[in-house]
Amino acid sequence: MGELQGRKFILGITGGVAAYKSAELLRLLVKAGAEVQVVLTEAGARFVTAVTYQALSGRPVWTDLWDPRADNNMAHIELGREADAILVAPATADFIARVANGLANDLLTTLCLARELPLLLAPAMNRQMWENPATRRNIDSVVADGVGILGPAAGDQACGEVGMGRMLEAEELYEALVTFVQPKPLAGRRVLMTAGPTFEAIDPVRGVTNLSSGKMGYALARALIHAGATVDLVSGPVALPVPAGVACIAVRSALEMRAAVMDHVDRAEVFIAVAAVADYRPRESQTHKLKKSGDALQLELVPNPDILAEVAARPQPPFCVGFAAESRDLDRYALHKLEAKRLQMVVGNLVQIGLGGDDNEVVIYDRAGRHPLARDDKHRVAAAIVAHLAAALAAR
Ligand code: C5P
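Calculation criteria
Residues numbered from 1 in each chain as written. Predicted model: local features only at pLDDT ≥ 70, side-chain atom pairs only at ≥ 80, totals over all residues. Heavy atoms only, no water. Helix = DSSP H or I, 4+ residues; strand = E, 2+ residues; numbered from the N terminus. Buried < 20%, exposed > 50% of the residue type's maximum accessible area, 1.4 Å probe, protein only. Contact = heavy atoms within 4.5 Å. Areas by Shrake-Rupley, 256 points an atom, 1.4 Å probe, with all protein chains shown as cover. Lys, Arg positive; Asp, Glu negative; His and termini not counted. Charge placed at Lys NZ, Arg CZ, Asp CG, Glu CD. Domains from an automatic or database assignment. Near = heavy atom within 4 Å. Polar contact = N/O pair within 3.5 Å; in protein donor to acceptor, adjacent residues only side chain to side chain. Nonpolar A, V, L, I, M, F, W, Y, C, P; charged D, E, K, R; others polar. Arc of directions from axis to C-beta. Pairing = 2+ DSSP bridges. Patch = residues over 30% accessible without salt bridge, like charges linked within 9 Å, V, L, I, M, F, W, Y side chains within 5 Å. Salt bridge = Lys/Arg side-chain N within 4 Å of Asp/Glu carboxyl O. Axes fitted to C-alpha atoms, helices over the stretch in contact; angles between N-to-C directions.

1. Remarks on the overall build of the chain
Helices and strands together make up the secondary structure of the chain, namely 15 helices and 21 strands. Taken along the three principal axes of its C-alpha coordinates, the chain extends 80 × 50 × 40 Å. The buried share of the chain, taken over its 396 residues, is 47%. For the chain, the proportion of contacts with a sequence separation of at least 24, taken over those separated by at least 6, is 67%. Summing over all exposed atoms, the chain offers an accessible surface of approximately 19200 Å²; the carbon and sulfur share of this is 52%. The chain carries 41 positive and 45 negative side-chain charges, and their two centres are separated by 4 Å.

Here it is in structure tokens:
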């Protein structure tokens, strides 16, 4: 099941060059299970054609206020009835001005005026238009009316200039919509977490590390943001984009990870240790590259600090969640960790399933027992872990 299964959106497209990005946004929404009804303005149809959107959404595209397909000829009322939100992307300066002034001179503006559902606008325009006092006034008044504004971003513009006014990318708008529709059981809660592997240098080009893609931790950070939490993520080296809204502190070694965690832990209500921290590091890291010789090489390793155990042993510890990736005897090791490190919750998985891939199958262990979750995509597993965490925090 996609993360937007059962959600319904109206996607409005007005006349800006950025209209091409809305096709990709539509594809992402449909892929995630959402039902999307596209409304194209007359100017929008100068940039993109209805055929593309009809094919991507699997539904006819609406353009005309007088479309006889709607019951009672009232497309502006009918379309908005069951949707979760209207997103207009791109929203031109002219369209925003019309919404700000309550105009209803085409289907999309009429739909916006007659709506009872949330309206989100993704502005897209040239820098001067965005900075013009008239646009500033219009943005202020739609915001005062409760309209959400997504972006714009700064960057290269179609007119050849560089500046503020670029529409957000399809992925960014997708994330904003997912965040918008999710319940917020963690609103106001601050979470500190670790993710990824650590890398313990032997010399400038070699090191000791653990296999960890960081995918589970990053999916969890994203799900925490969706649930309304504030997230500080201390991350070892991974090749993943930082989820929108997450404050990421990039580190390399376990000692750096520990220092960053200790810097942030005072403010955290919850600490989630997902990182695969290397248990040992070389006693010394060489400044210059070790040269090869025919002899055997001895590498002396010393233990790293256990970051999670140290946080959990503080006088007033945050709610501590550990992860246990084991190759066998998961129940035994995970329950042992819960007790030994004095944690509130442990999320266990067998490495044969979770390592590196997009799916995971986990069991949550807490004082109430063992709670297996169905095998699923890491993002949906993360959402289920967050739901469990939110319930546990609410019950405290
Ligand atoms: O002790 P073990 O590595 O089996 O426990 C795993 C859990 O402890 C994970 O949550 C991991 O992030 C955390 N951990 C840590 N610091 C270490 C080792 C593990 O925070 N040095």
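2. Details of the domain arrangement of the chain
Once the domains are mapped, the chain shows domain 1 (8–181) and domain 2 (190–395). The centre of domain 1, based on its C-alpha atoms, is set 40 Å off from the matching centre of domain 2.

3. Some remarks on the site of the ligand
The full set close to the ligand counts 13 residues, and Ala273, Ala275, Phe323, Lys337 and Lys341 are the nearest of them. Taking proline 305, its main chain carries an N or O atom lying 2.8 Å from a nitrogen atom of the ligand. Between the ligand and lysine 341, the relevant distance is 2.8 Å, taken from an oxygen atom to a side-chain nitrogen or oxygen of the residue. Calculation on the ligand without its partners gives an accessible area of 440 Å², and the protein chains cover 83% of this total. Contributing elements (two or more residues each) for the shell around the ligand: helix H12 (307–312) and strand S16 (319–326). Across the shell around the ligand, the residue classes tally to eight nonpolar, one polar and four charged.

4. A few points about the side chain of histidine 226
Among the structural elements, histidine 226 can be located in helix H10 (residues 215–226). With residues up to four places along the chain from it excluded, the contact list for histidine 226 reads Glu175, Val178, Thr179, Gln182, Pro183 and Lys184.

5. Things to note about helix H13 (residues 330–340)
All of the buried residues in H13 are Leu330, Ala334 and Leu338. Projected down its long axis, H13 carries its buried residues within an arc of 60 degrees, all on one side. Relative to its buried face, H13 has exposed residues pointing more than 90 degrees away, namely Arg332, His336, Glu339 and Ala340. Of the residues trailing H13, arginine 342 is marked for its positive phi of about 55 degrees.

6. Notes on the pairing of strand S3 (residues 85–91)
Across the seven residues that make up S3, a large majority, seven, are buried. The side-chain alternation of S3 yields two buried faces, one formed by Ala85, Leu87, Ala89 and Ala91 and the other by Ile86, Val88 and Pro90. For strand S1 (residues 8–13) and S3, the ladder comprises four bridges, and the chain directions are parallel. Looking across to S3, one finds that glycine 12 is bridged to valine 88.

7. Observations regarding unusual backbone geometry
One can expect most non-glycine residues to show negative phi and most peptide bonds to be in trans. Residue proline 90 follows alanine 89 across a cis peptide bond; omega there is 0 degrees. Residue position: proline 90 is located in strand S3. The amide bond that connects glycine 151 to the next residue, proline 152, takes the cis arrangement and shows omega of -5 degrees. Of note, proline 152 is situated in the loop between strand S5 (148–149) and strand S6 (153–156).

8. Description of a nonpolar patch on the surface
Among the surface-exposed residues, Val17, Tyr20 and Phe47 lie close enough to one another that they form a single nonpolar patch of about 330 Å² accessible area. The topology assignment puts phenylalanine 47 in helix H2 (residues 44–47). The class of phenylalanine 47 is partly exposed, set by a relative accessible area of 43%.

9. Description of the sheet that holds strand S12 (residues 247–250)
A sheet is described by the order of its strands in space; here eight strands give the open sequence S12-S11-S8-S13-S16-S17-S19-S20, paired in mixed fashion. Each having just a single partner strand, S12 and strand S20 (369–372) make up the two edges of the open sheet. Pairwise comparison of adjacent strand axes, ignoring direction, gives a mean angle of 20 degrees for this sheet. Relative to strand S19 (residues 362–366), strand S17 (residues 345–350) is paired through five bridges, and the arrangement is antiparallel. Across the sheet, residue valine 347 finds its bridge partner in S19, namely isoleucine 364.

10. Overview of the pattern of salt bridges
As enumerated under the stated definition, the model contains 26 salt bridges in all. Across the salt bridge formed by aspartate 84 and arginine 7, the nearest N and O atoms sit 3.5 Å from each other. Of this pair, aspartate 84 sits in the loop between helix H4 (75–78) and S3 while arginine 7 is found in the segment before S1, placing the two residues 77 residues apart along the sequence. Here arginine 314 ties to aspartate 266 by a salt bridge, and the two come within 2.5 Å at their closest N and O atoms. Taken as a pair, arginine 314 in the loop between H12 and S16 and aspartate 266 in the loop between helix H11 (254–264) and strand S13 (270–273) lie far apart in primary sequence, 48 residues in all. By sharing partners, the salt bridges in this structure join Glu3, Glu175 and Arg222 into a single network.

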